[in-house]
Every structure is written in structure tokens, then in C-alpha cells.
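Notes for the structure review
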Amino acid sequence: MLQHLVDGLRELGRDISPAQIEMFELYRLELLRWNRYTNLTAITDPAQVELRHFLDSLTVLQALDTISPLESQLKMIDVGTGAGFPGIPLKVMLTDCHLVLLEATGKRVAFLTHIIDLLRLSGSEVVQGRAEDVAHDPTHRESYGLVVARAVAPLATLAELCLPFASMGSLFVALKKGELGEELYAAQNAVKMAGGGDTRVITVRLPQLADDRRLVCIRKVAASPDRLPRRPGIPSKRPL
Ligand code: SAH
């Protein structure tokens, strides 16, 4: 079962256990069941959930190879996780990591709490709030070895929202696709101001996914100034 996912992971050089496959099956079932009443995803074809949510989320594993010694005790936050992407698929594969799912809307938070419980994802928690606020909370600020985000905002906004969560020397990975030239250029200032170093783009090409995926990887090299991120809404209204 979940042959697309299994094949895609093999391309990425990763094995998946029967227990992990079962977790993904359950997750998909619940996602599509809840989606009938709650707006969680526009993707409703089961095969597409496997590819465009699960496998797509797991492309992040390609960026982790560069910091693999950390994988087991990694603390990871997924900013604007929605129905759990990419955070939950990554947690299923990186069993020992600690996962925080940050999401602003209550209905999605209810779904995430249900899934964590159902899949028995120990070492996982859901935080309801906006990144602009939560990033100033000392429990979360500069506390993560890996910060991930998919489909939340353009990189300039995302850098301001996400880099304050990253601890010194750790990694922020934004999941993107397609041509990024202008978006990267427009984000240069925000990345630098929020404490980011060089931006490295890893292209992931999988036969299972039509478009190339681009993992924008930014190392945290300086402390984020206290004033960042700015008030809710400002990082997207007036990018740095
Ligand atoms: N990452 C998921 C969801 C993308 S939709 C995926 O790729 O499928 C964007 C999600 O981010 C929404 O659920 C929205 O509520 C949340 N979001 C947007 N801005 C946010 C912010 N500033 N803080 C926290 N969550 C945010």
C-alpha cells in the first residue's frame, strides 16, 4: 500500500517500515474524512495526498542529510502547518525528534491534536497562535534545530516569521517549487536582518512529482533582533 510514497522514498534513499506506512494510511483517512466538514486541503484524491502532501513534505529529508548527526534529538517547529505539512510526515519518519506544530486557526489545531493522539506521536505538541506572537515567547524563541514552512508566505515574509525560532547555527528550510530567482532576491534583506546566513537551494527532482521541488535552506548565523518579527500582519504587508 501507499506505493507512490514507498517508491518516492526509495528515490530519496529512505526506507519506510510497515508501522510507518500504517500511520500514513490512517493520517490520510482522517484527513479526507475531516475535510468533508472542515477546510483542511484542496487535494482530495487519495493518490495525490500521498504525493503532494506526504512525499512532498518528506523532500525535506534531503536537506537534513547535511545535519544528520542531529536527527535523533532534533527539535523541529513547523510554522503555519495547516493540516500538518510538512511537520507530521517528518515526525513519522524521524521518530525521535521533538515536533512543534504552529497553527493560527482553531479548526486546524483541533485536527492536528486529533492526529497526534491517533498516531500516538509522542514528543509532539500543537501550539495555536501566530508566528509573529509566538516567536517572542522565550519558550520558543531561538529554540529549534530545524524550522520548516510550506505554502505560508513569500520568502521575505517567511524569513522574518521563521528565523527567530531557529537556534544559532541551526537550519530554516522553506519548501518551494518553480522559479525562485525574484523571490530569493526580494528576500535577501529580510534574511540578513533576521539573522540568516547564506541561502542554499537544493533542487529535488522525483519521477513521482511533476515539478521540481526547491528546498531553500538558510543557516542561522546571528541572533534575531528583539523587534522581529513585527506585529501580526506586518511581515506580510511590509516585508523587510
Ligand atoms: N503548511 C501547510 C498549510 C499551508 S496554508 C501546507 O503546506 O499544506 C498556510 C497555513 O498557515 C494556514 O493554515 C494558516 O492558518 C497558517 N498561517 C498563516 N500565517 C500564519 C502565521 N503568521 N502564524 C501561524 N500560522 C499561520
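Note that this is a predicted model, so its numbers are computed, not measured.

Turning our attention to a nonpolar patch on the surface. On the surface, a nonpolar cluster with roughly 240 Å² of combined accessible area is contributed by Leu26, Leu29 and Leu118. Looking at the secondary structure, you find Leu29 in helix 2 (residues 18–34). On the basis of relative accessible area, Leu29 is assigned to the exposed category, the value being 56%.

On to the packing of helix 1 (residues 3–11) against helix 3 (residues 46–58), then. Each pair of packed helices can be summarised by the angle the axes make with each other and by the distance between the axes. Helix 3 packs onto helix 1 with a crossing angle of 25° between their chain directions and a minimal axis gap of 9 Å. It follows that helix 1 is roughly parallel to helix 3 by the angle criterion. In terms of crossing hand, the pair formed by helix 1 and helix 3 is right-handed. Residue-level inspection shows Gln3, His4, Leu5, Gly8 and Leu9 of helix 1 in contact with helix 3, the latter providing Ala47, Glu50, Leu51, Phe54, Leu55 and Leu58. In terms of residue class, the contact of helix 1 with helix 3 is made up of 7 nonpolar, 3 polar and 1 charged.

Right, let's talk about the pattern of salt bridges for a bit. Pairing between side chains of opposite charge can happen when their charged atoms approach one another. Enumeration according to the criterion identifies 11 salt bridges in this entry. The shortest N-O distance in the salt bridge between Asp56 and Arg150 comes to 2.6 Å. Within this pair, whereas Asp56 is found in helix 3, its partner Arg150 is found in strand 4 (residues 144–150), the two being separated by 94 residues in sequence. Here Arg150 falls in the buried class, since its relative accessible area comes to 15%. Bridged by salt links that share partners, the residues Asp56, Arg150 and Arg213 form one connected network.

What counts and what doesn't
- Residues numbered from 1 in each chain as written.
- Predicted model: local features only at pLDDT ≥ 70, side-chain atom pairs only at ≥ 80, totals over all residues.
- Heavy atoms only, no water.
- Patch = residues over 30% accessible without salt bridge, like charges linked within 9 Å, V, L, I, M, F, W, Y side chains within 5 Å.
- Areas by Shrake-Rupley, 256 points an atom, 1.4 Å probe, with all protein chains shown as cover.
- Salt bridge = Lys/Arg side-chain N within 4 Å of Asp/Glu carboxyl O.
- Helix = DSSP H or I, 4+ residues; strand = E, 2+ residues; numbered from the N terminus.
- Buried < 20%, exposed > 50% of the residue type's maximum accessible area, 1.4 Å probe, protein only.
- Axes fitted to C-alpha atoms, helices over the stretch in contact; angles between N-to-C directions.
- Parallel < 35°, antiparallel > 145°, perpendicular 65-115°, else oblique.
- Left-handed = near helix turned anticlockwise from the far one by under 90°.
- Contact = heavy atoms within 4.5 Å.
- Nonpolar A, V, L, I, M, F, W, Y, C, P; charged D, E, K, R; others polar.

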